[in-house]
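# Structural overview for review
For reference, the chains in residue letters:
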Amino acid sequence: MNDTIYTIDHFAEIIQAKSFIANPKLNVTRLVIDSRSVIDPENSLFFALSSKRDGHEYLEDAYKNGIRSFVISDAAYLEKFRDANILLVADVLLALQRLAIVHREQYDLKVLAITGSNGKTIVKEWLYQLLASDFNIVRSPKSFNSQIGVPLSVWNISDEHTLGIFEAGISKENEMEALQRIIQPTIGILTNLGEAHAEGFASQKDKLLEKLKLFKDTDLFIYSPEYILDLPVSELPGQTKFSWSMKQKADLQISFIEPIEDRNYVRALFKGAEIECLIPFSDRASVENGIICWAGLLSMGYSPEEADARLEKLTRVGMRLELKNGINQCSVIDDSYSADISSLAIALDFLNLQNQHAKKTLILSDLHETGKNQEELYTEISALLKQKNLSRLIGIGPHISASAALFDMDTSFFQSTQDFIDHFPAIHFSNETILVKGARKFEFERISKLITQKVHDTVLEIDLNALAGNLQFYRNKLRPQVKIMAMVKAFSYGSGSFEIANVLQYHKVDYLAVAYTDEGVALRKGGITLPIMVMSPEPSAFDAIVKYNLEPEIYNLDILSSFINFLSADAYDYPVHLKIDTGMHRLGFEEGDLTELLEMIRGSRKVKVVSAFSHLVGSEDEHHDAFTKHQMERFSAFTRQISDGLGYKFIWHISNTSGITRHPEAQLDMVRIGIGLYGYDGGLDRNHGLQTVAVLKTTVTQVKEIKPNETIGYGRRGILPDGGTTATVKIGYADGYNRRFGNGIGKMLINGKLVPTVGVICMDMCMLDVTGLEVKTGDEVIVFNGELTIANLAEQIQTIPYEILTNISQRVKRVYFYE
Ligand SMILES: *Cc1c(COP(=O)(O)O)cnc(C)c1O
């Protein structure tokens, strides 16, 4: 939000829109691109941006959420909302960018822009931490760095700001010019140049030149000679240049890096003198990002002593919301690292997307928001909480407590975190979703510890943004009208139940499918309202199917007749799905069933076929392409007969994940996406384009020195002939780490090094050979992630990734992340 008041007429003029103004008095302070997340609808302007889906499809939604001003490009929608302001333009994205350019031009402030292949968001957040005591800073929210994210970020500049820090990201040629015009940076930082987005550019050099366009008018440009290829310095942008390097001569020339516990001590040459700093992180990427920030501070004139003092206090950037199981059947969303209105709004949206509990509680600290007095600030927050249907507020801190009268809902207030903790035994929490949101200095992690269940040291981390990204990846491959059924059977391939389904529902898939009735019931109880297909509808569960409005898969005449008989006499058109066997030979009708099938359905008005489907047996494998084609033909011919025989239309579907990737012609009316959502697709070349959703982690419980020829584990199967070191880790076959991984077959990652198992896998533990490595109790161990993938593990024990994922036992706690 910014304080500049623009009238809607003024807007229309700036973006050269044809305008239809119903209410000229509306002032627009917020720009909205997602119809679902709206903070202040009256003062919001909605942009019908199109990606794969036409943005105009969301106008209705936005209107329902209270928005009355719209920028559109399709004249067909002009007359849609009589009481709304409509601005018609040729290109909605250009209009958004134009607005940001004009807005930016009104301010004469220092603006620092960051681009590069990695580290943009961390460097931005760290510079914010480092400079916040000297400037009133406006910065990009999260990693808003795209053609859309940058204008939305720049829009937030207002009078009180003295420094802007914005990131810019590009994925192909000719994208940077627009971002440069919007940001108009005065200082530039190139973080690095890696392989990311290589496919969008003819060469690395082209990519570099495109990135550098961002900095063309800067006064100061900060870079490393290691990332400018062979470009001569004279061709670099920036009136003044400042370089840093770990390898060659530079303004800040790193001479020495030494890890000390979990920090890094760094020495460098600067203006002919030796200087030093302490970067409070141990990993390589953080050290590089820290050095970039160091270069930033020095080049902006901070003394080496001051820079060191500030860097030492850097804290981890907590950009992710964590969803965990809480005490007394609560769900807890943990965001104990930041507190400002826009991140609060994002967290509240995530709270609302989780429907498992009707009751929603927010534990909120004092907020720090520049340029607003307390009353304005908490009035705005109060309105926001109301709009987001919050049930209860627990406010912590002197300011929010002093504003108690502004909140009309169930509230309680505490002066400090300690005050809350002292009263904790008397505060009641049960069956609710609790959002914990506090500024860092309130140390709300102490509160989350109290209200979450203790997580056993082995956890499966699920990245919900990656899941949504994978959904979008497949959506982009579909023809516009094709529906999506998301397969959430087997606990969503091991990833979770309502936690996953709520995200899929939010992202508007059309159907869900589960294997068994109780899985469907659990989803209904978790607040899922989407239609749900049950693939194995056991007759003993028909009751629950009907009670919870689930839709059975009907795969033979027996099950059809028992379902019809089960339904009460006045049942009418109950939705069912027909499974057709086209070659799997598992379940399903075959051509010989046609006459009886038609008779039975036509003879009873109780059921209605809403879809017919079949399953491909080898869609990922080109050796089976002829058979896939045969399955499709058989499906089409048979389904046509059913549809003709019934005299009505229904949804046809046959494609699974790899079917979408490899057989576009098999999309029909709907596709069923399973494993692709969870980050694996056997039909893709090395999973290209998918994001890793699940990371399985455990920890080292003990480290042991082993003498030559001593044996390790049950049956004396493990041996280190020359002796060595083992690490015992807390994962065993009861957690889903198969026994076949024993004796060196399986490998895990410790501190970035791949290490083999030694001896057999026990029920709750196993041992790793860490000879020669620095490993200690409590170290984190990766069982699989984006680097050591489920496909690698599957290969090690000759199975398929599906089995690796679904085998992870329920006792392994799932923790969900959302940005
Ligand atoms: C599991 C399943 C799918 C999903 O398959 P993926 O290969 O995981 O995409 C699709 N259809 C049916 C009938 C299934 O049982």
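Residues numbered from 1 in each chain as written. Predicted model: local features only at pLDDT ≥ 70, side-chain atom pairs only at ≥ 80, totals over all residues. Heavy atoms only, no water.

So, about the overall build of the protein. The number of helices and strands found in the protein is 25 helices and 40 strands. Computed over the C-alpha atoms, the radius of gyration of the protein is 29 Å, within 12% of the 28 Å expected from 2.2 N^0.38 for a compact globule of 819 residues. Overall, the C-alpha framework of the protein stretches about 90 × 85 × 65 Å when taken along its three principal axes. Here the protein holds 819 residues, and the buried ones make up 55% of them. Here the protein has roughly 34,800 Å² of accessible surface; of this, 49% comes from carbon and sulfur atoms. The centroid of the 84 positive side-chain charges in the protein is displaced by 2 Å from the centroid of its 105 negative side-chain charges. (Helix = DSSP H or I, 4+ residues; strand = E, 2+ residues; numbered from the N terminus. Rg over C-alpha atoms; globule rule 2.2 N^0.38 Å. Buried < 20%, exposed > 50% of the residue type's maximum accessible area, 1.4 Å probe, protein only. Areas by Shrake-Rupley, 256 points an atom, 1.4 Å probe, with all protein chains shown as cover. Lys, Arg positive; Asp, Glu negative; His and termini not counted. Charge placed at Lys NZ, Arg CZ, Asp CG, Glu CD.)

Around the ligand lies a shell formed by Met 487, Lys 489, Tyr 493, Met 535, His 615, Asn 656, Thr 657, Arg 672, Gly 674, Ile 675 and Tyr 802. At 2.6 Å, a side-chain N or O of Lys 489 approaches an oxygen atom of the ligand. Looking at the shell around the ligand, its residues break down into five nonpolar, four polar and two charged. (Near = heavy atom within 4 Å. Polar contact = N/O pair within 3.5 Å; in protein donor to acceptor, adjacent residues only side chain to side chain. Nonpolar A, V, L, I, M, F, W, Y, C, P; charged D, E, K, R; others polar.)

This part takes up helix H17 (residues 498–506). The α-helix advances 3.6 residues per turn, and as a result positions three or four apart in sequence lie on the same side. The buried count for H17 comes to eight of nine residues, which makes it a mostly enclosed element. Every buried residue of H17 is accounted for by Glu 499, Ile 500, Ala 501, Asn 502, Val 503, Leu 504, Gln 505 and Tyr 506. Immediately downstream of H17, the backbone of Lys 508 shows phi near 60°, a positive value.

Let us now look at the sheet that holds strand E9 (residues 137–139). Strand order across the open sheet formed by nine strands is E9-E10-E8-E11-E12-E13-E14-E15-E16, with mixed pairing between neighbours. A single partner strand is all that each edge strand has here, and the edge strands are E9 and strand E16 (273–279). Adjacent strand axes in the sheet meet at a mean angle of 20°, parallel and antiparallel pairs treated alike. Examined bridge by bridge, strand E15 (residues 263–270) and E16 share seven bridges and lie antiparallel to one another. Its bridge partner being in E16, Ala 268 is matched across the sheet by Ile 275. Against the sheet, helix H9 (residues 304–311) touches E15 and E16, its axis set at about 15° to E16. (Pairing = 2+ DSSP bridges. Axes fitted to C-alpha atoms, helices over the stretch in contact; angles between N-to-C directions. Contact = heavy atoms within 4.5 Å.)

Next up on the list: the side chain of Asp 308. Along the chain, the position of Asp 308 falls in helix H9. Buried within the structure, Asp 308 lacks any salt-bridge partner; Arg 263 is the closest side chain of opposite charge, at an N-O distance of 8.8 Å. In contact with Asp 308, other than residues within four places in its own chain, are Glu 276, Cys 277 and Leu 278. (Salt bridge = Lys/Arg side-chain N within 4 Å of Asp/Glu carboxyl O.)

In this fold, Lys 477 is placed in the loop between helix H15 (464–475) and strand E24 (483–487). Distance in space between the C-alpha atoms of Lys 477 and Pro 664 is 7.9 Å, their sequence separation being 187 residues. Beyond its immediate chain neighbours, meaning those up to four positions away, Lys 477 contacts Ile 660, Thr 661 and Gln 667.

Within the largest apolar cluster, 157 residues are counted, with the highest numbers of intra-cluster contacts made by Ile 363, Leu 512 and Phe 784. If we skip the residues at most four places from it in the chain, Phe 784 touches Leu 460, Ala 694, Val 695, Leu 696, Thr 789, Ile 790, Leu 793, Ile 804, Leu 805 and Ile 808. Core analysis: the next-biggest nonpolar cluster, separate from the first, contains 68 residues, Leu 163, Phe 215, Ile 222 and Leu 252 among them. (Core = buried A, V, L, I, M, F, W, Y, C linked by side-chain atoms within 4.5 Å.)

Structurally, Asn 738 is set in the loop between strand E35 (724–729) and strand E36 (747–750). When its relative accessible area of 18% is taken as the criterion, Asn 738 is described as buried. Other than its neighbours up to four places away in sequence, Asn 738 contacts Ile 761, Ile 797 and Asn 807.

Within this structure's numbering, the places UniProt gives as "domain: Alanine racemase C-terminal" (unreviewed entry) are residues 693–817. The span residues 693–817 is 11% helical and 36% strand by assignment, and the distance between its end C-alpha atoms comes to 10 Å. (UniProt positions renumbered as here; feature names shortened; annotations may be inferred.)

What follows covers the sheet that holds strand E29 (residues 607–613). If you walk around this closed barrel you meet the eight strands as E24-E25-E26-E27-E28-E29-E30-E31, and the pairing is parallel. Averaged over all pairs of adjacent strands, the angle between their axes in this sheet comes to 30°, without regard to strand direction. By the bridge criterion, six bridges tie strand E28 (residues 574–579) to E29 in an arrangement that is parallel. Among the inter-strand pairings, Pro 575 is bridged to a residue of E29, identified as Lys 608.

To continue, consider the UniProt feature "active site" (unreviewed entry) in the protein. The residues that UniProt annotates with the feature "active site" (unreviewed entry) are Lys 489 and Tyr 714. Maximum C-alpha separation among the annotated residues is 35.5 Å over a sequence range of 226 residues, too wide for a single clustered spot. By the secondary structure assignment, Lys 489 is in helix H16 (residues 489–493). Relative to the elements of secondary structure, Tyr 714 occurs in the loop between strand E33 (711–712) and strand E34 (718–719). In this view, Tyr 714 contacts Val 760 and Cys 762; residues no more than four positions away in its chain are not counted.

This part covers the packing of aromatic side chains. Per the counting criterion, the structure on display carries 27 aromatic pairs. Taking 5.0 Å as the distance between ring centres and 40° as the angle between the ring planes, the aromatic pair formed by Phe 215 and Phe 221 counts as tilted. Taken individually, Phe 215 and Phe 221 each receive the classification buried, so the pair is uniform in this respect. With a centroid separation of 6.2 Å and 55° between ring planes, the pair formed by Phe 242 and Phe 270 is classed as tilted. Of this pair, Phe 242 sits in strand E13 (residues 240–245) while Phe 270 sits in strand E15, and the two are 28 residues apart along the sequence. Take Phe 242 and Phe 270: they sit in the same class, and that class is buried. Linked through ring pairs, Phe 46, Tyr 63, Phe 70 and Phe 81 together constitute an aromatic cluster. Over the aromatic face of Tyr 128 sits the side chain of Arg 139, whose NZ or CZ is 3.6 Å from the ring centroid. (Phe/Tyr/Trp six-rings, centres within 6.5 Å; stacked < 30°, edge-to-face > 60°. Lys NZ or Arg CZ within 6 Å of the ring centre and 35° of its normal.)

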